[in-house]
Amino acid sequence: MLLAIDQGNTNSVFAVHDGEHWVAQWRSATATSRTADEYAVWLAQLMAMHKLDLSMLKACVIASVVPQAIFNLRNLSRRYLHVEPLIVGENAELGIPVRTLKPAEVGSDRLVNALGALALHAAPLIIVDSGTAIKLDVVGSDGAFEGGVIAPGVHLSMEALHAAAAKLPRIALQRPRRVIGNDTVSAIQSGVFWGHVALIEGMIARIKAERNEAMTVIATGGVASLFHDATQAIDHFDPDLTIRGLLEVHRRNTAAPTGRG
């Protein structure tokens with residue numbers, strides 16, 4: 001069994017693959033101070049609910065955009081799984097060309113998303129990842145990562161608005177019934193929600209126009225489901241895109257087959 005860990009700035013996903021299917025998946029808040037022992041206790045309890053055990057895990061692959069947290073995740077794998085983990089950006093070969101000015105600066109999550117998308121879809125692709133930041137990444141027709149766009153995510157935008165304007169309340173993110181809000185809360189909800197839909201649609205249109213080619217658009221990320229049915233610009237919504245990419249990383253770095261994603 002494979003343990004795949006996708007650690008973002010806000011949330012972390014732990015998923016177990018049995019060689020054929022994803023059998024369990026859990027999400028937690030990203031905490032850089034959490035130790036390997038704390039991870040092990042938390043993970044063991046959740047696995048037990050699925051009649052699984054840490055001893056069943058024979059491999060581990062990690063993608064993290066939080067460098068200070070990798071140490072404890074690595075120790076989790078070494079100490080409790082007794083395996084050396086594959087870590088994207090350190091000891092894992094991705095086998096994907098990166099055509100940017102500074103390839104080393106490209107976030108591991110962006111490259112893993114590209115691998116996950118290529119496992120199911122023909123390039124060229126636009127990958128929309130809605131999380132702490134909204135990222136629109138381009139995969140060329142030959143499967144190379146060619147860069148993209150990074151903008152503040154919805155929750156970051158709401159927090160910034162609340163922090164900078166004393167009279168604007170902190171609100172819950174949801175899809176408003178109307179574009180024109182008739183009070184402060186609905187006006188903010190509309191601005192954040194439909195503003196980000198417009199951002200996604202506008203950037204997709206500009207990317208396609210700049211490249212002058214048809215492209216498949218895939219959305220993923222913690223809040224992507226909110227926008228999926230609000231726009232025709234997104235072709236596919238795939239909440240498991242990143243862990244599928246991690247499965248592909250494992251497959252490319254080991255000789256053993258890993259089954260379907």
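Shown above is the structure to which this text applies.
Model, not experiment: these values are computed from the prediction.

Enquirer: Could you clarify how one ought to interpret the pattern of salt bridges in this entry?
Expert: Here the structure, examined in full by the defined rule, presents 15 salt bridges. With its nearest N and O atoms 2.9 Å apart, the salt bridge here joins aspartate 37 to arginine 79. Here aspartate 37 is found in helix H1 (residues 36-49), whereas its partner arginine 79 is found in helix H2 (residues 67-81), with 42 residues between them in sequence. Judged by its relative accessible area of 36%, aspartate 37 is partly exposed. Classification of arginine 79 by relative accessible area gives partly exposed; the value is 41%. Among the ionic pairs, arginine 74 bridges to glutamate 90, the shortest N-O distance being 2.6 Å. Taken together, the positions of arginine 74 in helix H2 and glutamate 90 in the loop between strand E5 (86-87) and helix H3 (108-118) put the pair 16 residues apart, joining distant regions of the chain. Linked by salt bridges that have partners in common, Arg99, Asp142, Glu146, Arg211 and Glu213 make up one network.

Enquirer: Whenever I open this one, the environment of alanine 164 confuses me. Can you help?
Expert: Position of alanine 164 relative to the elements: it lies in helix H4 (residues 154-164). Once the C-alpha coordinates of alanine 164 and threonine 132 are considered, the two residues, 32 residues apart in sequence, prove to be 18 Å apart.

Enquirer: Would you mind showing me how to read the environment of asparagine 9 here?
Expert: By secondary structure assignment, the location of asparagine 9 is in the loop between strand E1 (2-7) and strand E2 (11-17). Separated by 181 residues in the primary sequence, asparagine 9 and serine 190 have C-alpha atoms spaced 25 Å apart. Not counting chain neighbours up to four residues away, the residues in contact with asparagine 9 comprise Thr30, Val65, Val66 and Thr132.

Enquirer: What is the right way to look at the packing of aromatic side chains in this model?
Expert: Within a pair of aromatic rings, the relevant descriptors are the distance that separates the centres and the angle that separates the planes. What the rule picks out here adds up to 4 aromatic pairs. Measuring from ring centre to ring centre gives 5.8 Å for phenylalanine 14 and tyrosine 39, while their planes differ by 40°; the resulting arrangement is tilted. With phenylalanine 14 in strand E2 and tyrosine 39 in helix H1, this residue pair connects regions lying 25 residues apart in the sequence. Residue classification places tyrosine 39 among the buried positions, given a relative accessible area of 2%. Relative to tryptophan 194, the ring of phenylalanine 193 has its centre 4.8 Å away and its plane inclined at 85°; by these criteria the two rings are edge-to-face. Among the residues examined, phenylalanine 193 registers a relative accessible area of 0% and is labelled buried. Judged by its relative accessible area of 22%, tryptophan 194 falls in the partly exposed class. Of note, arginine 34 hangs over the ring of tryptophan 42, and the distance from its end group to the ring centre comes to 5.5 Å.

Enquirer: I tried to follow H2 on my own but got confused; where do I start?
Expert: One full turn of an α-helix is made of 3.6 residues, so residues set three or four places apart face in the same direction. Taking 1.5 Å of rise per residue, the 15 residues of H2 would be expected to cover 21 Å, and the 21 Å separating its terminal C-alpha atoms lies within 8% of that figure. Among the residues of H2, Ala69, Ile70, Asn72, Leu73, Arg74, Asn75, Leu76, Ser77 and Leu81 are the ones counted as buried. Looking at the buried positions of H2, the neighbouring elements they touch are E1, E2, H1, strand E4 (59-64) and E5. In the stretch just after H2, histidine 82 is the one whose phi turns positive, near 60°.

Enquirer: Got a minute to help me understand the environment of valine 41 in this structure?
Expert: With respect to the helices, strands and loops of the structure, valine 41 is situated in helix H1. Overall, valine 41 belongs to the partly exposed group, its relative accessible area being 49%. Between the C-alpha atoms of valine 41 and alanine 224, which are 183 residues apart in sequence, the distance is 30 Å.

Enquirer: Got a minute to help me understand the nonpolar core in this structure?
Expert: Soluble globular proteins tend to bury their nonpolar side chains together. Judged by nonpolar contacts, the single largest core of 29 residues is most densely connected at Val61, Val88, Leu94, Leu246 and Val249. Secondary-structure elements contributing two or more residues to this core are E1, E2, E4, H3, strand E6 (125-130) and helix H7 (241-253). Apart from the residues within four sequence positions on either side, valine 61 is in contact with Leu2, Leu3, Ala4, Ile5, Leu86, Leu246 and Val249. With 25 residues, the next largest nonpolar core counts Ile171, Phe193, Ala233 and Ile234 among its residues.

Enquirer: Can you walk me through H1 in this structure?
Expert: Across its 14 residues, H1 extends 20 Å between first and last C-alpha, which sits within 8% of the 20 Å expected from 1.5 Å per residue. Within the span of H1, buried status applies to Ala36, Tyr39, Ala40, Trp42, Leu43, Leu46 and Met47. Along its buried surface, H1 packs onto E1, E2, strand E3 (22-29) and H2. Just past H1, the residue lysine 51 takes up positive phi, approximately 60°.

Enquirer: Explain the packing of H3 against H7 here, please?
Expert: When two helices pack together, their arrangement is given by the angle between the helix axes and the distance between those axes. Where H3 meets H7, the axes come as close as 7 Å, and the angle between the chain directions of the two elements is 85°. When the axes of H3 and H7 are compared, the pair comes out roughly perpendicular. The residues of H7 that touch H3, namely those facing Val112, Asn113, Leu115, Gly116 and Ala117, are Leu241, Thr242, Arg244, Gly245, Leu246, Glu248, Val249 and Arg252. Class assignment of the residues belonging to the contact of H3 with H7 gives a composition of 6 nonpolar, 4 polar and 3 charged.

Definitions and limits used
Residues numbered from 1 in each chain as written. Predicted model: local features only at pLDDT ≥ 70, side-chain atom pairs only at ≥ 80, totals over all residues. Heavy atoms only, no water. Salt bridge = Lys/Arg side-chain N within 4 Å of Asp/Glu carboxyl O. Helix = DSSP H or I, 4+ residues; strand = E, 2+ residues; numbered from the N terminus. Buried < 20%, exposed > 50% of the residue type's maximum accessible area, 1.4 Å probe, protein only. Contact = heavy atoms within 4.5 Å. Phe/Tyr/Trp six-rings, centres within 6.5 Å; stacked < 30°, edge-to-face > 60°. Lys NZ or Arg CZ within 6 Å of the ring centre and 35° of its normal. Expected span 1.5 Å × (residues − 1). Core = buried A, V, L, I, M, F, W, Y, C linked by side-chain atoms within 4.5 Å. Axes fitted to C-alpha atoms, helices over the stretch in contact; angles between N-to-C directions. Parallel < 35°, antiparallel > 145°, perpendicular 65-115°, else oblique. Nonpolar A, V, L, I, M, F, W, Y, C, P; charged D, E, K, R; others polar.

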